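These are the residues of each chain, in order.
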Amino acid sequence: RRRRTGVRLGSGRRMARDTGQIAGIPKRGQLPTPNSVATATANVRCAAALVSALFDGGVRHFVISSGSQCAPLVVAAAHHPNLQIWTNPDERSAGFFALGVAKASRQPAALICTSGTAAANYFPAVVEARMSGTPLVVITADRPPRLHGVGAPQTIDQIRLYGNYSVHFEDLHVPDHHESRASEW
């Protein structure tokens, strides 16, 4: 997506103007800071550890509803050599697709989505999975804790999102550059 800025017209109306910069991508000549490189590396390392642990636990199918917050998880799943990856941008459909894959394969399936209300769209499939005893793993990205409760976009309370329909919930720490932390994931 290109970043747009508003330009005032004579009547007070605003008109979008294309700045030529792709939203979220630094302008040419701007390099990421060493801190952002370390953070990205830590995110991918922890995501890879989580995906590997799920594979070791029997998950062979990942259904992904991609978004920017879950990019490290998507990269980790895509680079795992033995996983079947499915993509569906519609989270509700993806949830039921993963449920069907888990039932048909008799193996747990995992769902990945970005932060915010995207995870809420998995709720009907989570309820069906619980009621039918179908193993379904839901991995939702989240914004950093410093952005919770301050009105940041794509931030909702994910701690109790699925209520009693979740068999287990784990709120994983924010990845950092310490090697030992990746094993906790």
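Residues numbered from 1 in each chain as written. Predicted model: local features only at pLDDT ≥ 70, side-chain atom pairs only at ≥ 80, totals over all residues. Heavy atoms only, no water.

Novice: Would you mind showing me how to read the confidence of the model for the protein here?
Specialist: Caution applies to low-pLDDT regions: their predicted coordinates should not be interpreted in detail. Per-residue pLDDT for the protein averages 79, and the proportion of residues at 70 or more is 72%. Low confidence marks residues 1-26, where pLDDT is under 50. Its contacts with residues over four positions away, or in another chain, come to 32 contacts. (pLDDT = per-residue confidence, 0-100. Contact = heavy atoms within 4.5 Å.)

Novice: How should I be thinking about the environment of His 79 in this particular structure?
Specialist: With respect to the helices and strands, the residue His 79 is situated in helix 2 (residues 71-79). Exposure remark for His 79: the relative accessible area of 64% places this residue in the exposed category. His 79 sits 28 residues away from Val 51 along the chain, and the two C-alpha atoms are 9.8 Å apart. At a separation of 2.8 Å, a polar atom in the side chain of His 79 contacts the main-chain carbonyl oxygen of Val 75. (Helix = DSSP H or I, 4+ residues; strand = E, 2+ residues; numbered from the N terminus. Buried < 20%, exposed > 50% of the residue type's maximum accessible area, 1.4 Å probe, protein only. Polar contact = N/O pair within 3.5 Å; in protein donor to acceptor, adjacent residues only side chain to side chain.)

Novice: Sorry, what's going on with the packing of helix 3 (residues 91-105) against helix 4 (residues 123-132) here?
Specialist: For any two helices packed against each other, the geometry comes down to the angle between their axes and how far apart the axes lie. Contact geometry for helix 3 and helix 4: axes closest at 8 Å, N-to-C directions at 25°. With respect to helix 4, the axis of helix 3 lies roughly parallel. For the pair helix 3 and helix 4, the contacting residues are Arg 92, Gly 95, Phe 96, Leu 99 and Lys 103 in the first and Pro 124, Ala 125, Glu 128, Ala 129 and Ser 132 in the second. For the contact of helix 3 with helix 4, the residue count by class is 5 nonpolar, 2 polar and 3 charged. (Axes fitted to C-alpha atoms, helices over the stretch in contact; angles between N-to-C directions. Parallel < 35°, antiparallel > 145°, perpendicular 65-115°, else oblique. Nonpolar A, V, L, I, M, F, W, Y, C, P; charged D, E, K, R; others polar.)

Novice: Help me understand the packing of aromatic side chains in this model?
Specialist: What describes a pair of aromatic rings is the distance from one ring centre to the other and the angle between the planes of the rings. Counting across every chain of the model gives 3 aromatic pairs. Summarising the aromatic geometry, the rings of Phe 123 and Tyr 162 are spaced 6.2 Å apart at their centres and angled 10° between planes, so their arrangement reads as stacked. Of this pair, Phe 123 sits in helix 4 while Tyr 162 sits in the loop between strand 6 (136-140) and helix 5 (179-184), and the two are 39 residues apart along the sequence. Taking relative accessible area as the criterion, Phe 123 reaches 31% and is therefore assigned partly exposed. The exposure class assigned to Tyr 162 is buried, which follows from its relative accessible area of 11%. Seen in terms of ring centroids, Phe 123 and Tyr 165 are 5.8 Å apart; in terms of plane orientation they differ by 85°. Their pairing is edge-to-face. Of this pair, Phe 123 sits in helix 4 while Tyr 165 is found in the loop between strand 6 and helix 5, placing the two residues 42 residues apart along the sequence. Using a relative accessible area of 35% as the deciding quantity, one classes Tyr 165 as partly exposed. Counting every residue linked through ring pairs, the aromatic cluster contains Phe 123, Tyr 162 and Tyr 165. (Phe/Tyr/Trp six-rings, centres within 6.5 Å; stacked < 30°, edge-to-face > 60°.)

Novice: Which parts of the structure should I look at to understand the nonpolar core?
Specialist: One recurring pattern in soluble globular proteins: nonpolar side chains tend to sit buried together. Phe 62, Leu 73, Ala 77, Ile 112 and Ile 139 are the most contacted members of the largest nonpolar core, which totals 18 residues. Every element with two or more residues in this core is listed here: helix 1 (34-56), strand 3 (61-65), helix 2 and strand 5 (109-113). The element that contributes the greatest number of residues to this core is helix 1, accounting for 5 residues. When residues no more than four places from it in sequence are discounted, the contact partners of Ala 77 are Val 51, Phe 62, Ile 64, Leu 83, Ile 85 and Ile 112. Counting 17 residues, the second largest nonpolar core, distinct from the first, contains Val 101, Leu 111, Tyr 122 and Val 126. (Core = buried A, V, L, I, M, F, W, Y, C linked by side-chain atoms within 4.5 Å.)

Novice: Even after reading the chapter, I still don't get the sheet that holds strand 5, so can you show me in this structure?
Specialist: Paired through backbone hydrogen bonds, the strands of a sheet run either parallel or antiparallel to each other. Taken together, the 4 strands give an open sheet; going across it, the order is 4-3-5-6, and neighbouring strands pair in parallel fashion. In the strand order of this sheet, the two ends are held by strand 4 (84-87) and strand 6, each with one partner. Direction aside, neighbouring strands of the sheet carry axes that sit 20° apart on average. The pairing of strand 3 with strand 4 spans 4 bridges and is parallel. Looking across to strand 4, one finds that Ile 64 is bridged to Thr 87. The sheet strands contacting helix 2 are strand 3, strand 4, strand 5 and strand 6, and the helix crosses strand 3 at an angle near 145°. (Pairing = 2+ DSSP bridges.)

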